[in-house]
Every structure is written in structure tokens, then in C-alpha cells.
Amino acid sequence: MASEQEILEGLADIVNEETGIDQGDVQADKSFTDDLDIDSLSMMTIVVNAEEKFGVRIPDDEVKNLKTVGDAVAFIQKSQA
Amino acid sequence: MSATSKGFASALSSGIPTRHARISGVGGYRPKRIVPNAEIVDRINSSDEWIRERSGIIERRWAGPDEGIIEMSAWAAEPALAMAGIEGSDIDAVVMATVSWPYQTPAAAPLLAEHFGSKAAAFDISAACAGYCHGIGLASDMVRTGRADNVLVVGVERLTDFTDKDDRGTAFIFGDGAGAAVVSASDTPGIGPTIWGSDGAQWDVISQRESWIDVHEKDLGWPTIGMAGQTVFRWAVWGMAPVAKRALEAAGISADQLDAFIPHQANVRIIDAMIKQLKLPEDIPVARDIAYTGNTSAASIPLAMERMIRHEEIPRGGLALQIGFGAGLAYAAQVVVIP
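Residues numbered from 1 in each chain as written. Chains lettered and ligands numbered in written order. Predicted model: local features only at pLDDT ≥ 70, side-chain atom pairs only at ≥ 80, totals over all residues.

1. Section: the overall build of chain A
Here is step 1 of the chain: What chain A contains, in helices and strands, is four helices and zero strands.
Here is step 2 of the chain: Dimensions along the principal axes, computed over C-alpha positions, put chain A at roughly 30 × 25 × 20 Å.
Here is step 3 of the chain: Among the 81 residues that make up chain A, the fraction classed as buried is 30%.
Here is step 4 of the chain: Contacts in chain A between residues far apart in sequence, at least 24 positions, make up 57% of those at least 6 positions apart. (Helix = DSSP H or I, 4+ residues; strand = E, 2+ residues; numbered from the N terminus. Buried ≥ 20, exposed ≤ 12 C-beta atoms within 10 Å, placed from the backbone. Contact = placed C-beta atoms within 7 Å.)

Set out below in C-alpha cells:
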């Protein structure tokens, strides 16, 4: 099971690959839409890649609840437990 | 006492040899009225840049009152018949794929057959954006089994009749148009096996929002088509890339042998993500007709193929992988020889 920091770093890599956003800007308190300007389709790509990387399932209905990077990290960590 | 068979089942003849089928002609009709993003942005509080980023769409065509389902189909079919070198009297069956023919019954296909002076078998199929590839698969089987020598397959939509012009999820995507193909008997294989399927558990992901009965009984005015964009995106990219691979495998070819990739023109973002998932070699031309045509559902693949042939982007006689996917959720894919 990955630590919170490991999930954050892994997620930052995924966000960087999809959007080109610098990994250092992908912080827990950042909003995917308002701060990082990630649209709904890029968000879905990030979700699918995160599922693969962390071995978790993130249902479509759950994606709208992942407002910040921290929300996603917490959901992934909870799912891995 | 149970009923007893007379025992003649083994005497039944299907009367049909097996042979090959190919697409012998393709044609398209695009409505006259060009609608740029600027014309629709106000009602969805959007911008040209926003629409281009999220869909790749620059403009689409909206059909006028004189561009009905049958008229557009006929104008798309005429060049397809000409390319195939046949006339209306040579058509053995008409298969129309559409979700926007405004009559519950009869189907549109008999009217199109009548337009060409044909009394051939004629029926519609309802498989939304996968309808054209369903039609090509059916037509191929009809020709291969000897049931028909020439089948006219048309994908046609007036989606704007069922579009909520205030819906930020769909108003900028849908367009109108018609694409047609003729499937004919062939000495060599021209249409690979069709890989198809559906997922009715997700029937409401893309659907007419209310049933006709609810519209009538609850006085809801007029139904429009709704779509859960993120869910469709996930299914279309990560669900359909394996289907495309299976169509290649079934045809016995590898991706690098393709001369064209013609996916349903749903959204450029879906197309780009699908290419990535398929690891499609970069030199293979990919249909991007959506930029100027929008998403025309059943019409999108033949329209895209028609444009690529007309612009000489793809070689006649080469191999194209085509895949349709949409409401149902239904999908169909096959490899075809470009006419």
C-alpha cells in the first residue's frame, strides 16, 4: 500500500503526462478545475490512469466528488486499504 | 400428446452460397448551412476556444427544412451508386441507420428505396452512432450469403431536431448530414468480420431524455438527447480500443498494415485518446471530419471516408479500420477495403 506522499507524487506524474502541468504544482489543496484548469475529459483520463497505477476502481459517480488533488489522494488511499 | 414433426427439416435449403463482399461506392451529403461556433456560444455561455479545446469542432452543418432525412439520404446515395456503377433498379436491399427519422413507423428505408424506383427489401436499424457499421456488417453478410448482390447502406441524421440548444453538454457537438455506401459482391474479401456488441446496463448514458409516452402524457413539449460526457468518454476510449484491436485481429491484419483509421466522429479528444490506446503508427491517416461536420452520429463514418477519398488522403484499395460506438451502448467495428 502506498503512502499519502507516494500517491500524491504518482498522481502528480499522471497529471503532468496528461496536461503538462509541472509536478510541483500538483499539491493536495489544489482544485483540479479552478486551480489546475483541468477539464472533464482530461480528468477522466487522469482517473483511468490512476486506477491502473494504484490498482483501485474510481466509479464515474465518484469522479465529481474529487474536487481537489487531496480528495483524490484520500479516495485512492481509502480504496487501497 | 405432443405435436410430431413431419421430419423434413433436413430437406430445408438455405439456397445461398458463400462469397465475398466489398464496399463498391461511398458518398456523402452535407447540409448547406454552415454553423460556426460563434453562432451557438451565447446560449451555452461558452466560447469558440472552449468548444475547440473540448471537442475539436470548428463548425458543423445544420439541415434546413428542404434537407429532410430522405432527401439528404438520396443526395448521399447518388454518388455512392455512381461510384459503384449501378442504378436504383440494381439495389437488392436498403438499410438505413438513423435515430432522427421522425416517424415511429414506417421506417425511412422504404421511402428511400421508392425514391430510386426500387421495391427492394428496405428497413431501418437503430444502433445510434454505431448504426452505419452495423449496416455494413449486415450488408456484408447479406451479400456473402447470396441474399443480395447490391445493398445500399445509409447513415443519416438530423440530430439538431433532437438537440437541446441550451445544453452545454451536447449543443456544440451534434450536427446533421448523410453518408452512404453500396456493398456489392466481390471476387476477393473486401469487408472483414464485424466485431459488435452492446451494454444495456448503460442505456441511459446517451439517450432521448423522455419516452414518447412521457412526452405526451406529461406534456413535456419535445424530447432531446442527453449525454453523460465523462462516462461516454471512458467507455469510448478504454472500452472501444480493445474492440478496434479485435476487429484487426479478426481481419488478420496488424495496425501497421492500415491505410486509414476512421472512427466515429464523436469528439476529437476521444479520437486522440483512442489512437494513444491503440498505439496506432503515426503515419496512418486518421479521420478528423468532425472539425467541420460535428458529430453526425450514424452519418459520421461514411462522411469522413468520403472526405478522405475526395481529398486523396487515403488510397483506393487500401485498408481502413472503422468503428462506430454510441447510445445503447452499442458498438460495431470492421476492417474494409477503401472503394
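2. Section: the confidence of the model for chain B
One rule of thumb: low pLDDT means the predicted coordinates there are not for detailed reading.
Here is step 1 of the chain: Averaged over every residue, the pLDDT of chain B is 95; the share at 70 or more is 99%.
Here is step 2 of the chain: Interface confidence in the predicted complex, given as ipTM, is 0.88; pTM for the same model is 0.93. (pLDDT = per-residue confidence, 0-100.)

3. Considering the interface of chain B and chain A
Here is step 1 of the chain: Taken residue by residue, the interface counts nine residues in chain B and eight residues in chain A.
Here is step 2 of the chain: Counting only elements with at least two residues in the side of chain B that touches chain A, the list comes to α6 (229–251) and α7 (268–278) of chain B.
Here is step 3 of the chain: Counting residues per element, the side of chain B that touches chain A draws most heavily on α6 of chain B, at six residues.
Here is step 4 of the chain: Of the residues assigned to the side of chain B that touches chain A, the class counts are three nonpolar, three polar and three charged. (Nonpolar A, V, L, I, M, F, W, Y, C, P; charged D, E, K, R; others polar.)

4. A short note on the domain arrangement of chain B
A common way to report how large an interface is uses the accessible area buried once the components associate.
All names here are of chain B.
Here is step 1 of the chain: Considered domain by domain, chain B is made up of domain 1 (20–186) and domain 2 (195–337).
Here is step 2 of the chain: For domain 1 versus domain 2, the distance between C-alpha centres works out to 14 Å.
Here is step 3 of the chain: Opposite the 45 residues of domain 1 that make contact, domain 2 presents 45 residues.
Here is step 4 of the chain: Secondary-structure elements contributing two or more residues to the side of domain 1 that touches domain 2 are β1 (20–29), α1 (48–55), β3 (59–62), α4 (131–144), β6 (150–158) and β7 (176–186).
Here is step 5 of the chain: Considering only residue class, the side of domain 1 that touches domain 2 consists of 21 nonpolar, 15 polar and nine charged. (Domains from an automatic or database assignment.)

5. Quick notes on the sheet that holds strand β12 (residues 319–326) of chain B
What holds strands together in a sheet is hydrogen bonding between their backbones, with the strands either parallel or antiparallel.
Residue and element names in this part refer to chain B.
Here is step 1 of the chain: With respect to topology, four strands assemble into an open sheet ordered β8-β13-β12-β11, the strand pairing being mixed. Each end of this open sheet is capped by a strand with a single partner; those strands are β8 (195–198) and β11 (260–263). On average, each strand axis in the sheet is tilted by 10° relative to the strand beside it, whichever way the strands run.
Here is step 2 of the chain: Of the pairings in the sheet, the one linking β11 to β12 comprises four bridges and is parallel in character. Note on β12: the bridge partner recorded for I262 is Q322.
Here is step 3 of the chain: This element, helix α9 (residues 300–310), spans β11 and β12 of the sheet and lies at about 150° to β11. (Pairing = 2+ DSSP bridges. Axes fitted to C-alpha atoms, helices over the stretch in contact; angles between N-to-C directions.)

6. Quick word on the environment of K218 of chain B
Residue and element names in this part refer to chain B.
Here is step 1 of the chain: When you line up the elements, K218 lands in the loop between α5 (212–217) and β10 (225–227).
Here is step 2 of the chain: Residue K218 is classed as exposed on the basis of its C-beta count, with 10 C-beta atoms lying within 10 Å.
Here is step 3 of the chain: Residues K218 and S198 lie 20 residues apart in sequence; the distance between their C-alpha atoms is 30 Å.

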